[in-house]
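Descriptive structure summary
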Amino acid sequence: MAQRQQRQDRKARLTAQDWADAALTAIGEGGVAAVAVEPLAARLGTTKGSFYWHFANRDALIEAALDRWAEINTEGTISEVEAETDPRKRIHLLFTEAITSATADPLEVALLATAKHPQVAAALRRVTERRVAYVAQLFADLGFSEPEARRRGLLAYTVYLGHAQLGHAAPSVLPPEEGGEFGAYLHEVLEVLMTRRP
């Protein structure tokens, strides 16, 4: 009887965010196709009724998951970075955090692999525009003109995406984190991006 009550209490406490987080985990594991209500309900220890309490359908859950991804992996990261006042240090902090996270978590790569899905395509476009604009602003804060800051922001973002892809497809080609090699590599890449051409 007590176990049944605990299960019911847990079901009652599940939020839309819990479902969105579970959907994000599923996307990281198997792409958008892995977002299925019954397996997610089993993972969460609840029933499909809990899902329908929060969402009208699967598409609404996918949208919530993509919004959650943007909130955590873009706005959350930007908020953390903004605590640093020095623009050069902000760029280093941002890329250290973003590259380390993307290499460890398959979610970004899984989303890129399903970029033809209409909801994913729209989310990727919004997030990419926000990220590139933010990185461009960091370069503008270093004194680069707006067009140059935009170009460098875009180039820096392509470095990030390339690193994320390699981190999952061919991690052995990347410098290891042990021994400071990764830090030296990242520092050199960012110094190239932040150095003004004569």
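Notes on the structure in this doc start here. Quick caveat: nothing in here was measured; it's all calculated off a predicted structure.

Here is what the cut-offs are and how they apply
Residues numbered from 1 in each chain as written. Predicted model: local features only at pLDDT ≥ 70, side-chain atom pairs only at ≥ 80, totals over all residues. Heavy atoms only, no water. Helix = DSSP H or I, 4+ residues; strand = E, 2+ residues; numbered from the N terminus. Expected span 1.5 Å × (residues − 1). Salt bridge = Lys/Arg side-chain N within 4 Å of Asp/Glu carboxyl O. Buried < 20%, exposed > 50% of the residue type's maximum accessible area, 1.4 Å probe, protein only. Contact = heavy atoms within 4.5 Å. Axes fitted to C-alpha atoms, helices over the stretch in contact; angles between N-to-C directions. Parallel < 35°, antiparallel > 145°, perpendicular 65-115°, else oblique. Left-handed = near helix turned anticlockwise from the far one by under 90°. Polar contact = N/O pair within 3.5 Å; in protein donor to acceptor, adjacent residues only side chain to side chain. Core = buried A, V, L, I, M, F, W, Y, C linked by side-chain atoms within 4.5 Å. Phe/Tyr/Trp six-rings, centres within 6.5 Å; stacked < 30°, edge-to-face > 60°.

1. Details of helix H8 (residues 118-141)
- Relative to the 34 Å expected for 24 residues at 1.5 Å per residue, H8 spans 35 Å between its end C-alpha atoms, a close match to the ideal helical length.
- Trailing H8 by a residue or two, Gly143 shows a phi angle of about 105 degrees, which is positive.

2. Regarding the pattern of salt bridges
- According to the stated counting rule, one finds 13 salt bridges in the structure shown.
- Linking Arg43 and Glu29 is a salt bridge whose minimum nitrogen-to-oxygen distance equals 2.7 Å. Placement of the pair is Arg43 in helix H3 (residues 37-44) and Glu29 in helix H2 (residues 16-30), with a sequence separation of 14 residues.
- What makes Arg43 partly exposed here is its relative accessible area of 42%.
- Glu29 sits in the exposed class, given a relative accessible area of 57%.

3. Digging into the environment of Ala20
- Relative to the helices and strands, Ala20 resides in helix H2.
- Looking at Ala20, the relative accessible area reads 3%, which means it is buried.
- Separated by 46 residues in the primary sequence, Ala20 and Leu66 have C-alpha atoms spaced 8.0 Å apart.
- Sequence-distant contacts of Ala20, defined by excluding residues within four places in its chain, comprise Leu61, Ala64, Ala65 and Arg68.

4. Quick notes on the packing of H8 against helix H9 (residues 146-169)
- Taken N-terminus to C-terminus, the directions of H8 and H9 make an angle of 125 degrees; their axes are 7 Å apart at the nearest point. As judged from the angle between their axes, H8 and H9 are oblique. Handedness of the crossing formed by H8 with H9: right-handed. Between H8 and H9, the contacting residues are Thr128, Arg131, Val132, Ala133, Val135, Ala136, Phe139 and Ala140 on the first element and Ala149, Arg150, Arg152, Gly153, Leu154, Ala156, Tyr157 and Tyr160 on the second.

5. Observations regarding the side chain of Arg131
- Tracing the backbone shows Arg131 in helix H8.
- A residue is classified by how much of its surface remains accessible, and Arg131, at 9% relative accessible area, is buried.
- In terms of polar contacts, Arg131 uses its side chain to reach the backbone carbonyl oxygen of Asn73, at 3.4 Å.
- Leaving out residues up to four positions away in the same chain, Arg131 has contacts with Trp69, Asn73, Thr74, Glu108, Tyr157 and Tyr160.

6. Observations concerning the nonpolar core
- Counting 28 residues, the largest nonpolar core has Trp19, Ile27, Val35, Leu40, Leu61, Trp69 and Leu111 as the members making the most contacts within it.
- For this core, the elements supplying multiple residues, two or more each, are H2, H3, helix H5 (58-82), helix H7 (107-113) and H8.
- Residues within four places of Leu111 in sequence aside, it is in contact with Ile27, Leu66, Trp69, Val120 and Leu124.
- Core analysis: the second largest hydrophobic core is formed by 25 residues, Ile91, Ala102, Val132 and Ala164 among them.

7. Considering the packing of aromatic side chains
- The final tally for this structure, using the stated rule, is six aromatic pairs.
- Here the aromatic rings of Phe139 and Phe144 are separated by 6.0 Å at their centres, their planes lie at 65 degrees, and the arrangement is edge-to-face.
- Judged by its relative accessible area of 0%, Phe139 is buried.
- According to the relative accessible area criterion, Phe144 is buried, its value standing at 7%.
- Aromatic pair Tyr157 and Tyr160: ring centres 5.4 Å apart, planes at 40 degrees, arrangement tilted. You can see Tyr157 and its partner Tyr160 sitting in helix H9, three residues apart, about one turn around the helix.
- The exposure class of Tyr157 is buried, given its relative accessible area of 7%.
- According to the relative accessible area criterion, Tyr160 is buried, its value standing at 5%.
- Each member of the aromatic cluster is reached from another via a ring pair, and the members are Trp19, Phe51, Tyr52 and Phe55.

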